[in-house]
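Geometric and topological summary
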Amino acid sequence: MTDQVILFDTTLRDGEQALAASLSVNEKLQIARALERMGIDIIEAGFPVSSPGDFESVRQIAATIKDSRICALSRAVQADIDAAAEAMKVADQFRIHTFISTSDIHVQSKLKRNFSQVEEMATDAIRYARRFTDDVEFSCEDAGRTPIDNLCRMVESAIKAGAGTVNIPDTVGYTTPTEFGGIVRTLFERVPNIDQAVISVHCHDDLGLSVANSIAAVEAGARQVEGTINGIGERAGNAALEEVIMILKTRMARFGLEVGANPAEIHRVSQTISRLCNMPIQSNKAIVGANAFSHSSGIHQDGVLKSQNTYEIMTPESIGLGRNNLNLTSRSGRHVIKHRMAEMGYSDSEFDLETLYQRFLALADKKGQVFDYDLEALLFFENQREEEAHYQIRQLNVQAGSSHFATASVEMQVGDEVMTEAATGNGPVDSAYKAIARATGHQLAIKSYHIGAEGGGHDALGRVDITAEFEGRTFHGMGLSTDIIESSAIALVRVYNLIHRQQQIQQKKQRILEEA
Ligand code: KIV
Ligand code: ZN
């Protein structure tokens with residue numbers, strides 16, 4: 001057995017399927033790049049058969065990512081496997097992940113089959129997937145509740161059929177660490193060909209035990225851990241990979257196991273995913289919560305001042321915190337920005353230097369000093385803007401005060417036309433939103449509006465996240481500016497653009513159907 005634990009990230013599949021608003025291809029690419037930069041071994045990019053959008057994002061990720069292996073999910077049926085293989089064929093190497101349920105409750109109630117039929121479907125699917133790649137992973141869905149004899153039988157058959165990785169998911173987050181570790185230990189004792197595959201685990205957090213269960217499985221011999229950054233995923237989520245990484249790193253002396261990922265990237269990846277997925281991180285969350293490294297009690301503060309390790313088992317620097325202190329101003333040239341982006345790990349292909357530089361100058365004029373997190377916020381924001389075109393704000397003016405209604409006037413580019421509108425509202429955001437709705441000609445149902453800050457101090461960038469519903473689908477828009485009214489307007493216009501793009505795709509599909 002090796003001393004390397006393979007990290008399998010499913011943020012873009014298990015994580016994404018739990019989001020209120022799905023991510024765009026561009027957003028998924030940003031996440032994939034961040035995971036690659038962090039050194040994740042396997043990135044599960046999506047479930048290609050589930051939608052044309054998922055297929056396209058897996059295809060683009062497979063074409064872009066070189067240092068991590070790309071994987072896609074498929075049920076144990078040929079059409080799913082064909083779609084996964086087709087989406088990833090641009091990559092030199094890829095993994096097909098196929099799965100079927102093995103617990104009695106799933107086999108009988110969901111699949112309406114008997115165990116032997118399910119075993120046959122699994123082995124047929126594995127053999128079929130092996131026609132496209134040597135790297136096939138098989139998952140026994142709901143393994144945590146599968147009778148152990150059946151689980152041993154399925155793992156043995158899957159390996160015999162050609163699965164190089166066999167995954168043991170605790171799909172409903174039901175097991176406890178001793179129990180789950182025991183399941184994996186039994187597999188090692190009873191499955192005769194187990195040395196021919198990597199045993200993986202995939203734990204959900206319904207009882208708050210996903211990371212503990214994953215670590216217990218590693219102690220029992222599992223050598224791949226699946227999870228997501230910030231633990232996002234179905235229901236209560238998946239095992240948080242940043243926690244798994246820091247447990248294995250911090251307790252190296254106990255486990256003696258290596259992980260390839262660079263922990264200094266954790267903070268940045270976590271922030272990127274939280275922003276793009278519109279999933280705030282609870283402040284006391286282990287490793288990446290805002291309070292994870294702050295000491296409140298006087299006794300603790302006194303201890304840490306005397307010696308850091310009195311109350312700190314790992315340093316904030318080890319996850320990449322506290323590196324935001326390079327101070328750039330409007331006198332900093334393009335080469336300084338380029339150099340700083342490279343130091344932060346961004347390759348030239350990830351941004352357009354001229355666009356980033358112009359935005360940096362505009363921000364530096366407003367803020368004076370610009371920090372790493374500002375640059376990243378600008379980059380993140382630029383990547384979102386790339387997809388926008390139809391609706392653009394040319395000018396927005398708002399008047400507000402305590403004694404009268406707020407009034408907003410807006411001049412917008414709507415396709416080839418310029419529209420000018422005004423509205424009053426019960427506050428500056430309300431009036432701006434009403435004026436924008438008039439200019440676009442569409443009223444949206446805003447489901448949530450959240451305002452926050454990027455960076456610290458009174459001159460932090462104001463960030464607004466909104467979700468809005470249109471024809472049964474939820475869309476997420478984010479706006480960033482030194483002015484929170486402007487951020488609010490940008491977030492709304494982003495949603496209008498996403499809806500417009502969605503409508504264009506639907507119209508195109510309709511035309512193809514009519515022509516066929
Ligand atoms: O939770 C689960 O069982 C899954 C499988 C598809 C691996 O996500
Ligand atoms: Zn899952």
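Residues numbered from 1 in each chain as written. Chains lettered and ligands numbered in written order. Predicted model: local features only at pLDDT ≥ 70, side-chain atom pairs only at ≥ 80, totals over all residues. Heavy atoms only, no water.

Brief notes about the packing of aromatic side chains
Two numbers describe a pair of aromatic rings. These are the distance of the centres and the angle of the planes. Under the defined criterion, the tally for this structure stands at three aromatic pairs. Between the aromatic rings of Tyr 128 and Phe 132, the centroid separation amounts to 5.4 Å while the plane-to-plane angle is 80 degrees, which identifies the pairing as edge-to-face. Note on Tyr 128: relative accessible area 11%, which makes it buried. Here Phe 132 falls in the partly exposed class, since its relative accessible area comes to 34%. Here Arg 254 stacks its cationic end above the ring of Phe 255, 5.7 Å away from the centre of that ring. (Phe/Tyr/Trp six-rings, centres within 6.5 Å; stacked < 30°, edge-to-face > 60°. Buried < 20%, exposed > 50% of the residue type's maximum accessible area, 1.4 Å probe, protein only. Lys NZ or Arg CZ within 6 Å of the ring centre and 35° of its normal.)

Some details on the site of ligand 1
Taken together, Arg 13, Asp 14, His 97, Phe 99, Ser 139, Glu 141, Asn 167, Pro 169, Thr 171, His 202 and His 204 make up the full set of residues near ligand 1. With respect to ligand 1, the side chain of Thr 171 contributes an N or O atom lying 2.6 Å from an oxygen atom. One nitrogen or oxygen atom from the side chain of His 202 is found 3.1 Å from an oxygen atom belonging to ligand 1. Out of a free accessible area of 260 Å², ligand 1 has 94% covered by protein chains. Every element with two or more residues in the shell around ligand 1 is listed here: helix H1 (11-15), strand E4 (94-101), strand E5 (135-141) and strand E6 (165-170). Residues that form the shell around ligand 1 fall into these classes: two nonpolar, six polar and three charged. (Near = heavy atom within 4 Å. Polar contact = N/O pair within 3.5 Å; in protein donor to acceptor, adjacent residues only side chain to side chain. Areas by Shrake-Rupley, 256 points an atom, 1.4 Å probe, with all protein chains shown as cover. Helix = DSSP H or I, 4+ residues; strand = E, 2+ residues; numbered from the N terminus. Nonpolar A, V, L, I, M, F, W, Y, C, P; charged D, E, K, R; others polar.)

Looking at the coordination of the zinc ion (ligand 2)
Every protein donor of the zinc ion (ligand 2) is accounted for by Asp 14 (OD), His 202 (NE2) and His 204 (NE2), and the metal-donor separations fall at 2.0 to 2.1 Å. Linear spacing of the donor residues for the zinc ion (ligand 2) on their chain is D-x187-H-x1-H. Remark: His 204 occurs in the loop between strand E7 (198-203) and helix H9 (210-219) and Asp 14 occurs in helix H1; sequence separation between them is 190 residues. (Donors = N, O, S within 2.8 Å, 3.2 Å for Na, K, Ca; no water.)

Concerning the nonpolar core
Counting residues in each nonpolar core, the largest one holds 114 residues, and the members touching the most others are Met 88, Phe 138, Val 155, Val 166, Ile 168, Met 341 and Phe 360. The residues contacting Met 88, other than those within four sequence positions of it, are Val 58, Ala 62, Ile 70, Cys 71, Ala 72, Phe 94, Arg 95 and Ile 96. Among the nonpolar cores identified, the runner-up in size contains 27 residues, and Ala 408, Met 412, Ala 437 and Ala 468 belong to it. (Core = buried A, V, L, I, M, F, W, Y, C linked by side-chain atoms within 4.5 Å. Contact = heavy atoms within 4.5 Å.)

A short note on unusual backbone geometry
Backbone geometry places Arg 235, a non-glycine residue, at a positive phi of 50 degrees. Note that Arg 235 resides in the loop between strand E8 (224-227) and helix H10 (241-250). In the Ramachandran plot, Asn 278 falls in the positive-phi region, its phi being about 55 degrees despite a non-glycine side chain.

Observations concerning the sheet that holds strand E1 (residues 6-9)
The strand order around the closed barrel formed by eight strands is E1-E2-E3-E4-E5-E6-E7-E8, and the pairing between neighbours is parallel. Pairs of neighbouring strands in the sheet enclose a mean axial angle of 25 degrees, with direction left out of account. As paired strands, E1 and E8 are joined by four bridges and run parallel to one another. By the bridge assignment, Leu 7 is partnered in E8 with Val 225. Seen against the sheet, H9 touches E6, E7 and E8 and runs at an angle of roughly 165 degrees to E7. (Pairing = 2+ DSSP bridges. Axes fitted to C-alpha atoms, helices over the stretch in contact; angles between N-to-C directions.)

Quick notes on the sheet that holds strand E12 (residues 445-454)
With antiparallel pairing, three strands are arranged side by side in an open sheet as E12-E13-E14. Unpaired on one side and paired on the other, E12 and strand E14 (473-481) mark the two borders of the sheet. Within the sheet, the average angular offset between the axes of one strand and its neighbour, ignoring direction, is 15 degrees. Of the strand pairs in this sheet, E12 and strand E13 (residues 461-470) are connected by nine bridges, and their pairing is antiparallel. Its bridge partner lying in E13, Gly 452 is registered against Arg 463.

Some thoughts on the pattern of salt bridges
Applying the stated criterion to the full structure yields 30 salt bridges. For Arg 145, the salt bridge identified is with Asp 142, shortest N-O distance 3.0 Å. Lys 338 is the salt-bridge partner of Asp 348, the closest N and O atoms lying 3.3 Å from each other. Remark: Lys 338 occurs in helix H14 (residues 334-343) and Asp 348 occurs in the loop between H14 and helix H15 (353-367); sequence separation between them is ten residues. A single salt-bridge network, built from bridges that share partners, covers Arg 69, Arg 95, Asp 135 and Glu 137. (Salt bridge = Lys/Arg side-chain N within 4 Å of Asp/Glu carboxyl O.)

Thoughts on the domain arrangement of the chain
Assigned domains of the chain: these are domain 1 (6-277), domain 2 (334-384) and domain 3 (389-507). Listed by partner, the interface residues are nine residues for domain 1 and ten residues for domain 2. For the pair domain 1 and domain 2, the summed buried area comes to about 900 Å², and 43% of that belongs to carbon and sulfur atoms. Together, Arg 37, Arg 268 and Arg 275 form the three largest contributors to the area buried by domain 1 at its contact with domain 2, with a combined 55%. Linking domain 1 with domain 2 are one salt bridge, by the criterion used here. Among the ionic pairs, Glu 350 bridges to Arg 37, the shortest N-O distance being 2.9 Å. Contributing elements (two or more residues each) for the side of domain 1 that touches domain 2: helix H2 (25-38) and helix H12 (266-277). Broken down by element, the side of domain 1 that touches domain 2 gets its largest block of residues, five residues, from H2. Tallied by class, residues from the side of domain 1 that touches domain 2 come to one nonpolar, two polar and six charged. (Domains from an automatic or database assignment. Buried area = accessible area lost by both parts, 1.4 Å probe.)

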